[in-house]
Amino acid sequence: MNAPLSNPPAADTTMGFRTWIEAEVAKEPYWFHRIELAPGLVTPGWSDPYKEKVPYYGLPEDMTGMRVLDIGCAEGFFSFEAERRGAKEVVAIDSFPDSIRRFNICRAALGSKVTGFLTNVYDLSPQTFGTFDLVLFYGVLYHLRHPILALQKIASVSSGTVLLQTANYESEAIGDISVAKFHPFGIQSGPPKNPMFDPTVFFLPNANCVRDMLLHVGLKSVECLSMIPGTVFRAEVETKSVGTPPDQSKAPWC
Ligand SMILES: C[S@@+](CC[C@H](N)C(=O)[O-])C[C@H]1O[C@@H](n2cnc3c(N)ncnc32)[C@H](O)[C@@H]1O
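Residues numbered from 1 in each chain as written. Predicted model: local features only at pLDDT ≥ 70, side-chain atom pairs only at ≥ 80, totals over all residues.

Caption draft 1: Highlighting the overall build of the protein chain. For the protein chain, the helix and strand inventory stands at 7 helices and 13 strands. Compactness check: the protein chain gives a C-alpha radius of gyration of 19 Å against a globular reference of 18 Å for 254 residues, within 12% of the reference. On the principal axes, the C-alpha backbone points of the protein chain span a range of 65 × 50 × 35 Å. The proportion of buried residues among the 254 residues of the protein chain is 36%. Counting only contacts in the protein chain whose residues sit at least 6 apart along the sequence, the fraction spanning at least 24 positions is 61%. (Helix = DSSP H or I, 4+ residues; strand = E, 2+ residues; numbered from the N terminus. Rg over C-alpha atoms; globule rule 2.2 N^0.38 Å. Buried ≥ 20, exposed ≤ 12 C-beta atoms within 10 Å, placed from the backbone. Contact = placed C-beta atoms within 7 Å.)

Caption draft 2: Up close: the site of the ligand. By nearness alone, 18 residues border the ligand, and Gly-72, Ser-95, Phe-96, Tyr-138 and Gly-139 come closest of all. The set of elements that each furnish at least two residues to the shell around the ligand consists of α3 (77–84) and β4 (89–94). Classifying every residue of the shell around the ligand by side-chain character gives 11 nonpolar, 6 polar and 1 charged. (Near = placed C-beta within 6 Å. Nonpolar A, V, L, I, M, F, W, Y, C, P; charged D, E, K, R; others polar.)

Caption draft 3: Region of the structure containing the sheet that holds β4. The strand order β5-β4-β3-β6-β7-β13-β12 describes an open sheet built from 7 strands, whose pairing is mixed. Every interior strand has two partners, whereas the edge strands, β5 (115–118) and β12 (220–226), have only one. For this sheet the average axis-to-axis angle between neighbouring strands, irrespective of direction, equals 15°. In this structure, β4 lies alongside β5, joined through 4 bridges in parallel fashion. Residue pairing in the sheet places Val-91 in a bridge with Thr-115 of β5. Most of the contacts of helix α4 (residues 97–110) go to β5, to which it runs at about 165°, and overall it touches β4 and β5. Along the sheet, helix α7 (residues 207–216) makes contact with β7 (158–166), β12 and β13 (231–236), crossing β13 at roughly 20°. (Pairing = 2+ DSSP bridges. Axes fitted to C-alpha atoms, helices over the stretch in contact; angles between N-to-C directions.)

Caption draft 4: Local environment of the environment of Gly-230. Relative to the assigned elements, Gly-230 resides in the loop between β12 and β13. Judged by the 23 C-beta atoms lying within 10 Å of it, Gly-230 falls in the buried class. Considering only alpha carbons, one finds Gly-230 and Glu-24, 206 residues apart in sequence, at a separation of 32 Å. Leaving out residues up to four positions away in the same chain, Gly-230 has contacts with Gln-165, Thr-166, Ala-167 and Asn-168.

Caption draft 5: A look at the nonpolar core. Core analysis: the biggest nonpolar cluster contains 56 residues, and Val-68, Leu-69, Ile-71, Val-135, Leu-136, Phe-137 and Ile-154 have the highest contact counts within it. Top contributing element to this core by residue count: strand β6 (residues 132–138), with 6 residues. With sequence-adjacent residues up to four places away left out, Ile-71 is seen in contact with Ile-93, Val-121, Val-135, Leu-136, Phe-137 and Val-140. (Core = buried A, V, L, I, M, F, W, Y, C linked by C-beta atoms within 7 Å.)

Caption draft 6: Fine view of α7. Within the sequence span of α7, burial applies to Cys-209, Val-210, Met-213 and Leu-214. Taken around the axis of α7, the buried residues stretch over an arc of 135°, which confines them to a single face. Looking at the buried positions of α7, the neighbouring elements they touch are α6 (147–157), β7, β8 (180–182), β11 (203–205), β12 and β13. (Arc of directions from axis to C-beta.)

Caption draft 7: Spatial organisation of unusual backbone geometry. Going from Ile-228 to Pro-229, the amide bond is cis rather than trans, its omega being -15°. Mapped onto the elements of the fold, Pro-229 is located in the loop between β12 and β13. For Ser-221, which is not a glycine, the phi torsion comes out positive at approximately 45°. Tracing the sequence through the fold places Ser-221 in strand β12.

Caption draft 8: Representation of the environment of Thr-19 within the structure. Structurally, the position occupied by Thr-19 is in helix α1 (residues 17–27). A tally of 12 C-beta atoms within 10 Å means that Thr-19 is categorised as exposed. C-alpha of Thr-19 to C-alpha of Arg-67: the two residues are 48 residues apart in sequence and 33 Å apart in space.

Written out as structure tokens, the structure reads:
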């Protein structure tokens, strides 16, 4: 078990803020995202989203005023990027406690207002989280035993656009058929130079299957944006409205 996040140093302590960030980053044995926390201080993740993901993932340049949900945020690269692009409110969720602990280090280091919750995609509902102008669902679908349930939950909290990326499986022999290849016991995954076994990879859909799943849960204007890395889709709700925080007066915790 890792030590919990210590408090950042008060301004008048001798330990500088940068030293504190470096110590918190060093305490963590694993990082997924590379995130620049201060000039020249980058988390040692094996995935560099600026190079590998941002050019393909359809993230709007200008996110001014948006209420954004980042599902499976890991250390929060896309949440902080949404905030940087002007989002009014960003909610980040991940079902793995270590992800949220590392997210909290980055949040403190960046002085970010993004809120991160240890929450499973299956627990999303408009009563508890409200609705979102933009939902980011990157790199999670193939980790799920119940992908359609997750997409139904996502549709229920979407009031605008959903952006989805997933690892996929394409085969010319399949033609136009919607297919997902099922891996009951995981696959070899992880950093290309140092692959690890990942027991949490279950369904690898082809692009037709992703499109049909998005349509199945009621989303419209489904468009494939990229076939690398994995497959990337954008979809819209039928009738758009402004993303709205949950209404506490309706006692959503009851
Ligand atoms: C491959 S990483 C993707 C991180 C980031 N979204 C990206 O694209 O760079 C998958 C993340 O999804 C999280 N995750 C897996 N299953 C989840 C679930 N059921 N609900 C919420 N998060 C989940 C994992 O803990 C992990 O942090």
